[in-house]
Each structure stands twice: as C-alpha cells, then as structure tokens.
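Here is what each chain is made of, one letter per residue.
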Amino acid sequence: LGSMKMVAQTVNVIQARMAGTEFGAASVSAASGGADAPGGTLPASQLGLRLVLCPGTEGSGEEIVAGLRGRTSDVGGVVAKSFYSSRAAEDAPITERMDFWTSSIDAVAGMTADDGSNYCVDTLLAEGGMSYRVSLGDGAVDVFSRLSPSDLELGIAAGNFTLDQYNDCMWYAVYALSLDPRVCSVEPEARVTTVCDDGSLDLLGLGCGGGPMSHLTARESNLVDETLYYALSLNEWNAVRSTESPQDFGGLGGEETDDLWTDAARFEYQIAMNHSDDKSSSSAAYHPYVVCSLREGLSGAERERDVVSLFNSTPGVEAGDDYQAARYGLMHNTDRMSCLVMRAYNDTIWRVFEGNPESASYMTVNPVHPSMKMVAQTVNVVRARFAGNDPGDAVSISSGLDAQATSSAGGRIKVHTLGLRALLCPGVADFGGEDVTGGVIEGQVWDFVAEGGGRNVQELSFYSHRVDGGGVHTDRMEWWASSTEAVVASTDEEDGTNFCLDSVLRDTWTFSLSGDLTLSVFSDQSEVEADAMLAEAGRTRDEYETCVWYLLAALAVDPQICSIEPESRVKVLCADGTSDLSRCPLESSTGGPGASGLIALMTTLATTAVVSLVVMI
C-alpha cells in the first residue's frame, strides 16, 4: 500500500510547509508567505521527495524517470489503482485520511479540460515544472519542483491555477509516486534557498541586488542544483590532486566545510552561465571543469574517449561548446577513476547530464575554482620567499645555475628568483579550431588581471563575494579577499591610475608564453631595483607583496588558467644587484667586487626575501 511506503510524519511535514509554519527542523516555505529577511529576501525551503527504489529495479536512470513521469501523468490509472478511491466509489467506510487522499486525486481529475489537457500533470508535474535526479548507486530518486515562489505567484495571478489547486496537485504527485511498484519508500526532503524581490534565488547567501554574479534566476538555480548533484566532495577531490583547497576551505566544522565547498561550486556554475553572456563566444566565456569517470572495466584512455564521445553526441551541445584535454592527457588515472580537464560553454555540463542520465552512475563533474588550480604549498612557498626563508624542496632549482659567466669586465652574481608558472586550459591555445598566437594569449590574460582596476577579478571571486556578504567563510578566504580589495581600493579617483596594476605589474612584470600551453609570469626587476622603485614611489614592501598576492589570485580566477604553481629562475645580476649587465661596476683590484659592497648586497637580498641562493662568479 502507498501508506506503507511513506515514512512517519510525511503528511504532517508537507502540511506544515504548505501552511507556512515550521515543523521540527523543517524550514518554512516562502510560497506560503513569511517575514522579510534582511536585504529584501525571503528564506525559502523548496520541498521535495526522496524516493527509495525497490530492490531489483531495472533500467537506466532515463528509463526510471520516464516511468515515474508516466505514473504521475496517468490520472485515470492512479484512480484505478487507488484502494482509497475504490472504497470511496463503493460508499464503503473510509477514514478521514483516506478521504483526504481521494479528494486530492478527484481535484486533479477535475482539472482535465474538454480537450484532455490537465494543467497539473501537463505543466506543474511535467519536465518544465518538476525535476527528477536519479542516483543508481544509492538506489534513490530526488524529486523537486522547478518553480520558485514568484513563479507560483505569477501562475496564480495569471489565472492558471489557484493555490488550493497547486496544493492538490502536489498531494496527488506524492500519492501517485507511492503507488509506483518501482518505489519502496517515500519521504519529504528539503533544500533551503533565499528568494530575492525579483523572484531570483540567492543560493549563496550573498544578498540580492549585488550584480549578475550574486544570485541566480529560477531556471539557472534548477540547472545548477541538478549539476551539483554529480560533483566530487572536498575529500574526494583531495584524493585526486594535491592543491590549496584543504587550506582555503579548512578551519570549520565538517558540515560547514562541505556546505562551503558546495557553495563555491555553485558560484562557479553561476559564472559559467552569466559570464558566458557577458563575454559572448570569446575564450574567456568558457569555464574549466574536472570530469571524472568511474566506469568499470575500462582503461584510462578508454574512459577518456568515452567521456569525449558523451559530450560530442549530446543533443543540443554544438561543436565548439566544449574543449577537451587531448593535448594534456589525464590529470588523474587509477583502476577506480580517471579524470581529465576540459572547458565548456554556458550550460553544456547540464545538457550532457540531461541528455545522458545514465552517465550519473559513473561520471562526476566539478567546476574548477581558484583553490583547485593552485598546487599544494603554493602559498607557503611564496610566503617563505617573502620572509627570506629557503622553502627547501618545495621549488626546484633551475638548471640555469650552470650557466656560463657572461662577462669578466665586472662582478656578477646569480640569484634564485621566484615567479609563477600557469598552465593554460584546453581550448585557449587553439580556440575556435585555430592556433592562437602567444602575444594574443598574453594580452588576454593581462587584460583579465587588469580589467576594471581589479574589479573584474573581485566580481568573479567567490571569496570576495562571500566575505563581503557576511556568509560563513574561512580565514584564508578573508585573506585572499582582503588582498583583492586592497588593490581595487588603491585606484586613484582623479586619474584612474593604480600603483599595483600600472607601476608594478604592467611596468615591471612579464607575461610570457613558453611552449604552447605554459604561461610564465616573472618580475623583470632585481630585488634591489624593486626596492629602489618602491622608495622612489613612496610605497612599502607590504604594498608590493599584496600586489603579488593579487596577481596570484587573479590568475587563479581567470577561466583561461587551469593550474598555477611557483617557479624558480636563476638570474644573473651585477654585483650591486642591478640587472643591466652592460653597466656592471668594475671588479676591485683583488679580482672581485669590494667585500663590503658584496656583504651589504647579500644582506639586502636576504632581507628583501626573494633570493635563496647567491653565487659569486
């Protein structure tokens, strides 16, 4: 019987939601009213169902969903299979609860028009109104309404249905699904969102009216939530690659960390859709993803081909909507799981899962956010250099240490300097099927870093949004956000200049493509020259270091960059620390630079903190 499948309190929980009251730990649905929350928002709990499939249920996810949709769309079949309805039709004694169920069924049957259409089953419960997410591994199906409270209000105002009719339709769906022989258990399930005044859903706690990246439309929220269902958790990601993610998301309780990780992924999906509109079909409109396959019985190469084939064969996904990692190979490959990096346009990821529901049983997809791009120890290595400490094996020493002396006309030293090595994402170097020159790529990355005086990076940073919005965040996230804010706030209001972007990064750093996939970012100045530049501009070392942290954050936010790590180079300098070798001071009579000058220089280099090795030539 349907009643034997419903867990205790199922009806009471749903009734409490419809009445706009709180029942136990259940949140109040904004569809029934409620008090305004700060920022012109309403807390909204989208109520749904979790269906546990019976043992031995066969078929793909797509076939199971089709069967469940068929059950709810067949009103006559539900009436015919209902024991309660048959009792009522025979005027046999029934309980109040049985009468409650039969009245909802009858109400939906009464919505059928002369042409056979039925607004409940054809619209509210159809694909556009109801979402089904199948997890064959868990043997369960999550069923949620796609409609936001504003959608319901608009439907009622338009005369499409009344609130009572909507409620009857939902009760009918609960009962109809409980009659399906594939379903063995039914219970209510909720996901909490926030509804903005304009009807959009603020899923990140960032507030309403904060720009296009601060919240989602109802349609976008549905696509995002469905796609998030197939993502790796933080712990699972840590097993795939060693990155800065544990540090950026660490320091909170387990549940808070998991929620924060999910919110970051949700934010990246927002960008994937909103930024694609902003940038049209440019390379920057494509977002990077890690796609993993757990399909059994296949090698890594076979799994990679299978994933690529899945994207290429999905209806609605056009050629050029995604760029696979053919030039990169797999980023992770074990007997259990193989992972690759790719970039995709707009809602392509959702389309692939929607068009291939069976893939949910073996494929995971995570949008790549900044912490996932930074290799482990990136922050510690850069901090160690700034502090004047040798990070040991964390950074390899360049083979340039064996370089030959360039001149004997004056003293020379070789210094070990720190920069950044960025790996381009798939499709950046061959966007649109054509090779993109190094100069163009270097310009695109620089434009991203400098656009809007840093406001572009800030707008696309989950950390900045989270900290500014007052949501739960970690100390590391606040530190990243403060570095970005410091650069943005330093723009001169009168002439629009920005010391970090103009005087440091634009004038003294080089973005250089080495090979076809790697971008090297290094300062052109020695530390002595950098200190001289700071002194002349009346700036501090802290401002310089904050600028470098901003650069690292900006590169990590850029959707054209998929990996970042510190990189060391050996640079030949004059004995006084300057880089123009043609003007090196002459050696002293003893054959080398004066001892006092060299000692002073080495002391300066040690305190300015980017040098770990000084060698006399």
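Since this is a predicted model, take the numbers as computed values, not measurements.

1. A few points about helix α23 (residues 527–537)
The set of residues buried in α23 consists of E527, A530, M533 and L534. Burial along α23 is one-sided: seen end-on, the buried residues are contained in an arc of 120 degrees. Among the exposed residues of α23, those pointing more than 90 degrees away from its buried face are A535 and E536.

2. Concerning the state of the cysteines
Throughout the structure, instances matching the rule amount to five disulfides. Here C500 connects covalently by a disulfide to C547, the sulfurs 2.1 Å from one another. The sign of the S-S torsion, about 80 degrees, decides the handedness of the disulfide formed by C500 and C547: right-handed. Taken together, the residues span a long stretch of sequence, with C500 in helix α22 (residues 499–508) and C547 in helix α24 (residues 541–557) at a distance of 47 residues. Assessed through its relative accessible area of 4%, C500 is described here as buried.

3. Some points on the pairing of strand β13 (residues 518–523)
Buried residues dominate β13, accounting for six of its six residues. Of the two faces of β13, the one carrying T518, S520 and F522 and the one carrying L519, V521 and S523 are both buried.

4. Brief notes about the nonpolar core
Counting residues in hydrophobic clusters, the biggest one holds 70 residues, and the most contacted among them are V449, L505, F511, Y550, L551 and L555. Broken down by element, this core gets its largest block of residues, twelve residues, from α24. Filtering out sequence-adjacent residues up to four positions away, L551 remains in contact with L420, V449, L505, W509, F511 and V521. Ranked by size, the runner-up nonpolar core spans 40 residues in total, among them L53, V65, I105 and V174.

5. A few points about the pattern of salt bridges
A full pass over the atoms with the stated rule returns 13 salt bridges. D142 is paired through a salt bridge with R50; the nearest N and O atoms lie 2.8 Å apart. Here the residue D142 occupies a position in strand β3 (residues 140–145), and R50 occupies one in strand β1 (residues 41–53), the gap between them amounting to 92 residues. A salt bridge links R351 to D347, with the shortest nitrogen-to-oxygen separation between them at 3.0 Å. On the basis of relative accessible area, R351 is assigned to the partly exposed category, the value being 31%. Taking relative accessible area as the criterion, D347 reaches 8% and is therefore assigned buried. Among the charged side chains, a salt-bridge network with shared partners connects R71, D180 and R182.

6. Brief notes about a negative patch on the surface
Judged by side-chain charge, E255, E256, D258 and D259 come together as a negatively charged surface patch. Along the chain, D259 falls in helix α13 (residues 254–279). Of the residues examined, D259 reaches a relative accessible area of 42% and is grouped as partly exposed.

7. Observations concerning the environment of L179
Along the polypeptide, L179 turns up in helix α9 (residues 163–179). Taking the relative accessible area as the measure of exposure, L179 reaches 18% and is therefore buried. Taking the C-alpha atoms as reference points, L179 and T72, 107 residues apart in sequence, are found 9.7 Å from one another. Not counting chain neighbours up to four residues away, the residues in contact with L179 comprise K5, R71, V78, K81 and S82.

8. Overview of the environment of L460
Summarising the element assignment, L460 is placed in the loop between α19 (455–459) and α20 (462–469). Among the residues examined, L460 registers a relative accessible area of 5% and is labelled buried. A C-alpha to C-alpha distance of 9.4 Å links L460 and A554, two positions 94 residues apart in sequence.

9. Brief notes about the packing of aromatic side chains
Inspection of the entire model under this criterion finds 20 aromatic pairs. Ring centres 5.6 Å apart and planes at 35 degrees place the aromatic pair Y119 and F161 in the tilted group. Of the two residues, Y119 is situated in helix α7 (residues 119–124) and F161 in the loop between α8 (149–157) and α9; the sequence distance between them amounts to 42 residues. A relative accessible area of 30% places Y119 in the partly exposed class. By the ring-pair criterion, three or more aromatic residues cluster together here, those being F83, Y84, F100, W101, W171 and Y175. Here R295 stacks its cationic end above the ring of Y362, 4.8 Å away from the centre of that ring. Positioned above the aromatic ring of W479, the side-chain terminus of R383 is 4.7 Å from the ring centre.

10. Quick word on the side chain of R303
Residue position: R303 is located in helix α14 (residues 300–312). Buried within the structure, R303 lacks any salt-bridge partner; D335 is the closest side chain of opposite charge, at an N-O distance of 6.7 Å. A distance of 3.0 Å separates a polar side-chain atom of R303 from the backbone oxygen of R295. With residues up to four places along the chain from it excluded, the contact list for R303 reads S293, L294, R295, L298, T334, D335, R336, M337 and S338.

Cut-offs and rules
Residues numbered from 1 in each chain as written. Predicted model: local features only at pLDDT ≥ 70, side-chain atom pairs only at ≥ 80, totals over all residues. Heavy atoms only, no water. Buried < 20%, exposed > 50% of the residue type's maximum accessible area, 1.4 Å probe, protein only. Helix = DSSP H or I, 4+ residues; strand = E, 2+ residues; numbered from the N terminus. Arc of directions from axis to C-beta. Disulfide = S-S within 2.5 Å. Core = buried A, V, L, I, M, F, W, Y, C linked by side-chain atoms within 4.5 Å. Contact = heavy atoms within 4.5 Å. Salt bridge = Lys/Arg side-chain N within 4 Å of Asp/Glu carboxyl O. Patch = residues over 30% accessible without salt bridge, like charges linked within 9 Å, V, L, I, M, F, W, Y side chains within 5 Å. Areas by Shrake-Rupley, 256 points an atom, 1.4 Å probe, with all protein chains shown as cover. Lys, Arg positive; Asp, Glu negative; His and termini not counted. Charge placed at Lys NZ, Arg CZ, Asp CG, Glu CD. Phe/Tyr/Trp six-rings, centres within 6.5 Å; stacked < 30°, edge-to-face > 60°. Lys NZ or Arg CZ within 6 Å of the ring centre and 35° of its normal. Polar contact = N/O pair within 3.5 Å; in protein donor to acceptor, adjacent residues only side chain to side chain.

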